[in-house]
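# Geometric and topological summary
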Amino acid sequence: MDLKPEITWQDFEKLDIRCGTVISVADFPEAKKPSYRLEIDFGTLGIKKSSAQITSLYQKEELVGKQILAVVNFPKKQIANFFSECLVLGLYGENNDVTLITPSLPVKNGSILG
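Residues numbered from 1 in each chain as written. Predicted model: local features only at pLDDT ≥ 70, side-chain atom pairs only at ≥ 80, totals over all residues. Heavy atoms only, no water.

## Side note on the overall build of the chain
Stated precisely, the cut-off is as follows: Here a helix means four or more residues in a row that DSSP labels H or I, a strand means two or more in a row labelled E, and each is numbered from the N terminus. For the radius of gyration, the atoms used are the C-alpha atoms, and the globule rule reads 2.2 Å times the number of residues raised to 0.38. Buried, partly exposed and exposed residues are distinguished by accessible area as a fraction of the type maximum, computed with a 1.4 Å probe on protein chains only: under 20%, between the cut-offs, and over 50%, respectively. By definition in these notes, contact holds between two residues if any of their heavy atoms fall within 4.5 Å. Surface accessibility in these figures is a Shrake-Rupley result with a 1.4 Å probe; residues are shielded only by whichever protein chains are displayed. Here Asp and Glu are counted as negative and Lys and Arg as positive; His is not counted, and neither are the chain ends. Taken as the charge centre is NZ of Lys, CZ of Arg, CG of Asp or CD of Glu, depending on the residue.
For the chain, the count of helices and strands is 2 helices and 9 strands. Traced from its N-terminal end to its C-terminal end, the chain shows the element sequence α-β-β-β-α-β-β-β-β-β-β. Rg of the C-alpha trace for the chain: 14 Å, near the compact-globule value of 13 Å for 114 residues, within the 12% margin. Once the C-alpha set of the chain is aligned to its principal axes, its extents read approximately 40 × 35 × 30 Å. Burial status across the chain gives 32% buried among its 114 residues. For the chain, restricting intrachain contacts to residue pairs at least 6 apart in sequence, the fraction spanning at least 24 positions comes to 56%. Of the roughly 7900 Å² that the chain leaves accessible, carbon and sulfur atoms contribute 54%. The centroid of the 13 positive side-chain charges in the chain is displaced by 6 Å from the centroid of its 14 negative side-chain charges.

What follows is the structure in structure tokens.
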């Protein structure tokens, strides 16, 4: 993959990337690609919903209680009959499987990436 165009520090500062804890996971059969519907607790920001294409590497049961990183300041995006309120972050691997980005130690929900 080619390097994307250079951005400024001010561009980066516009992103609000926070840590949250997954509190519920449900199948999302209406999505075009296999996905889960997640509810994520971001502390003082509240609970936000997201759709995540992570079914190939994660079982629903193992996601509950997992801390993840997400962009929380995108506008809501409709996916089928669901409104995603944040973008869960992950890394693409073989076959475009997504590995979630998680903190190596527990942190407070709502903690800001810095």
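## Observations regarding the UniProt feature "domain: TRNA-binding" (unreviewed entry) in the chain
In plain terms, the rule: UniProt positions are given in the numbering used here, feature names are shortened, and annotations may be inferred rather than shown by experiment.
When the UniProt feature table is mapped to this numbering, "domain: TRNA-binding" (unreviewed entry) covers residues 11-114. Taken as a whole, residues 11-114 contains 7% helix and 40% strand, while its terminal C-alpha atoms sit 14 Å from one another.

## Observations concerning the environment of Ser35
Here is the rule: Polar contact is defined as a pair of N or O atoms within 3.5 Å, subject to the rule that within protein one atom must be able to donate a hydrogen and the other to accept it, and that residues adjacent in sequence are counted only when both atoms are side-chain atoms.
Its place among the elements puts Ser35 in the loop between strand 1 (17-27) and strand 2 (36-41). Separated by 37 residues in sequence, Ser35 and Val72 have C-alpha atoms that sit 19 Å apart. Not counting residues within four places of it along the chain, the set of residues in contact with Ser35 comprises Asp27, Phe28, Ser51, Ala52, Gln53 and Thr55. There is a polar contact of 2.9 Å between the side chain of Ser35 and the backbone oxygen of Lys33.

## Thoughts on the side chain of Ser51
By secondary structure assignment, the location of Ser51 is in strand 3 (residues 47-52). A relative accessible area of 16% places Ser51 in the buried class. Ignoring anything within four residues of it in the chain, the contact list for Ser51 reads Phe28, Ser35, Tyr36, Ile79, Phe82 and Ser84.

## Some points on the sheet that holds strand 3
Neighbouring strands of a sheet are bound in pairs by backbone hydrogen bonds; such pairs are parallel or else antiparallel. Heads up, the condition is: Strand pairing is defined by DSSP finding a minimum of two bridges between the two strands.
Spatial ordering of the open sheet is given by 3-2-1-4-7, a layout of 5 strands whose pairing is antiparallel. The open sheet has two edge strands, strand 3 and strand 7 (87-88), and neither has a second partner. In this sheet, strand 3 lies alongside strand 2 in antiparallel orientation, the contact comprising 6 bridges. Paired with Leu38 across the strands is Ser50, a residue of strand 3.

## What to know about the nonpolar core
Filter applied, for reference: To define a nonpolar core, start from buried Ala, Val, Leu, Ile, Met, Phe, Trp, Tyr and Cys residues and group those joined through side-chain atoms within 4.5 Å.
Membership of the largest hydrophobic core comes to 17 residues, with the highest contact counts inside it found for Val22, Leu38, Ile40, Ile54, Leu63, Ile68 and Leu100. Contributing elements (two or more residues each) for this core: strand 1, strand 2, strand 4 (67-71) and strand 9 (98-100). The element that contributes the greatest number of residues to this core is strand 2, accounting for 3 residues. Beyond its immediate stretch of four places on either side in the chain, Leu38 contacts Val22, Ser24, Val25, Lys48, Lys49, Ser50, Ala52, Ile54, Leu63 and Val88. Judged by nonpolar contacts, the second largest core, of 5 residues, contains Ile17, Leu69, Val71 and Leu89.

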